[in-house]
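The primary structure of each chain is shown beneath.
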Amino acid sequence: MGNALTHYMKPDVMPGPDVVPTFDPLLGFKSRKERVMIATQEEMESAKLPLEFRDYCAHLAIAYQACRSDTFPFVYKCAHQKHEYLTCEYEDYVLRMKEFERERRLLERQKRLNKAA
Amino acid sequence: MSAFVKTVCLAQKLCAANPVVARQAIRSMAGWNKDYKPGPYPQTEKERLAAAKKYYLLPEEYKPYADDGLGYGDYPKLGYGLGVEAKDSYYPWDYPEHKRNQHEPISADHDLYSEDRWSQAEPPRYSNAYYFACFLGVMSGCLALYYWLDDKKMYRPVAAKQYPSPGVKHYTFEK
């Protein structure tokens, strides 16, 4: 947890917990693929999906829960759906880590530019 | 009543037949509780000295219970060392199981103060002010740390979770 220590020692270049990126998301990119939400609002409401699961993996969460309710009690048959859903959540987490690191590097760059100016 | 009379007659016949039985019976009567009873409260200085000697105490150490009708005759009153538990386990006592030396006077309440029952508390190692200062030091140290670190949370280096909502665009890192 050295990041927390760094945050309280150098708060200007180390983002805090659950930072919302402040820079233009396209800064330094020629083009950037947009994230696509596959599950629709109606689908999520119809599946009574809890609010915290209504992220970009919601369609996989719905498929996994549907499989579980279809095959119960033989839920081992949903191993594939579970793996797909958890992989999606893992990729989402990695994306968050990357966003944090991008924010940190851009903050350092901004500080460097301000000092040069 | 007849059974008692018969028993007495049998004893008389046995004693007449064999005098050793009578002697043995009298020997067996030694060591009754009346033999362990303390004597009467010492009234004169001479009696006091004799009682102190009887209990293996120095005359200046000997102090009987008050003779107010609830006392124990000439039995000495011991105001110290009542708790057997507080005594040193590693001292070579004459009776290690009771942690007692030969002729060491024992309290009249000895059955209460034996090792598996009650004990006089040992005096504490430090003064009460010292213990209170330790308490305040630990508590204020913990509270100071708590309030100082209250807004300094540990966290994982991740950005906020992205939830789709109208008007907000999120991007992957692919081109």
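Below, the structure is looked at part by part. (Residues numbered from 1 in each chain as written. Chains lettered and ligands numbered in written order. Predicted model: local features only at pLDDT ≥ 70, side-chain atom pairs only at ≥ 80, totals over all residues. Heavy atoms only, no water.)

## Structural notes on the layout of surface pockets
The volume enclosed by the largest pocket comes to roughly 410 Å³. Forming the boundary of the largest pocket are 18 residues, of which Arg35, Glu91 and Leu95 of chain A together with Thr172 and Glu174 of chain B lie nearest the centre. Contributing elements (two or more residues each) for the lining of the largest pocket: α3 (58–71) and α4 (79–116) of chain A. With six residues, α4 of chain A is the single largest residue contributor to the lining of the largest pocket. Across the lining of the largest pocket, the residue classes tally to nine nonpolar, two polar and seven charged. (1 Å grid on protein atoms, 1.4 Å probe; cavity = no way out; pocket = protein on both sides within 12 Å on 5 of 7 lines; lining within 4 Å. Points joined across faces, edges and corners; volume = space filled by probe spheres on them. Helix = DSSP H or I, 4+ residues; strand = E, 2+ residues; numbered from the N terminus. Nonpolar A, V, L, I, M, F, W, Y, C, P; charged D, E, K, R; others polar.)

## A short note on the state of the cysteines
Residues and elements named next belong to chain A. This model, assessed by the stated rule, comprises two disulfides over all chains. Each sulfur in the disulfide pair Cys57 and Cys88 lies 2.0 Å from the other. Taking the sign of the S-S torsion, about -85° here, the bridge from Cys57 to Cys88 comes out left-handed. Taken together, the residues span a long stretch of sequence, with Cys57 in the loop between α2 (41–46) and α3 and Cys88 in helix α4 at a distance of 31 residues. Classification of Cys88 as buried rests on a relative accessible area of 17%. Across the disulfide from Cys67 sits Cys78; the S-S distance is 2.1 Å. Disulfide Cys67 to Cys78: torsion about the S-S bond roughly -95°, handedness left-handed. A residue pair is termed long-range when its members are at least 10 positions apart, and Cys67 in helix α3 and Cys78 in the loop between α3 and α4 qualify at 11 residues. Here Cys67 and Cys78 have matching classes, each one buried. Assigning the bonded cysteines of chain A consecutive numbers by sequence position, one obtains the connectivity 1-4, 2-3. (Disulfide = S-S within 2.5 Å. Buried < 20%, exposed > 50% of the residue type's maximum accessible area, 1.4 Å probe, protein only.)

Worth remembering: the numbers are spatial, not functional.
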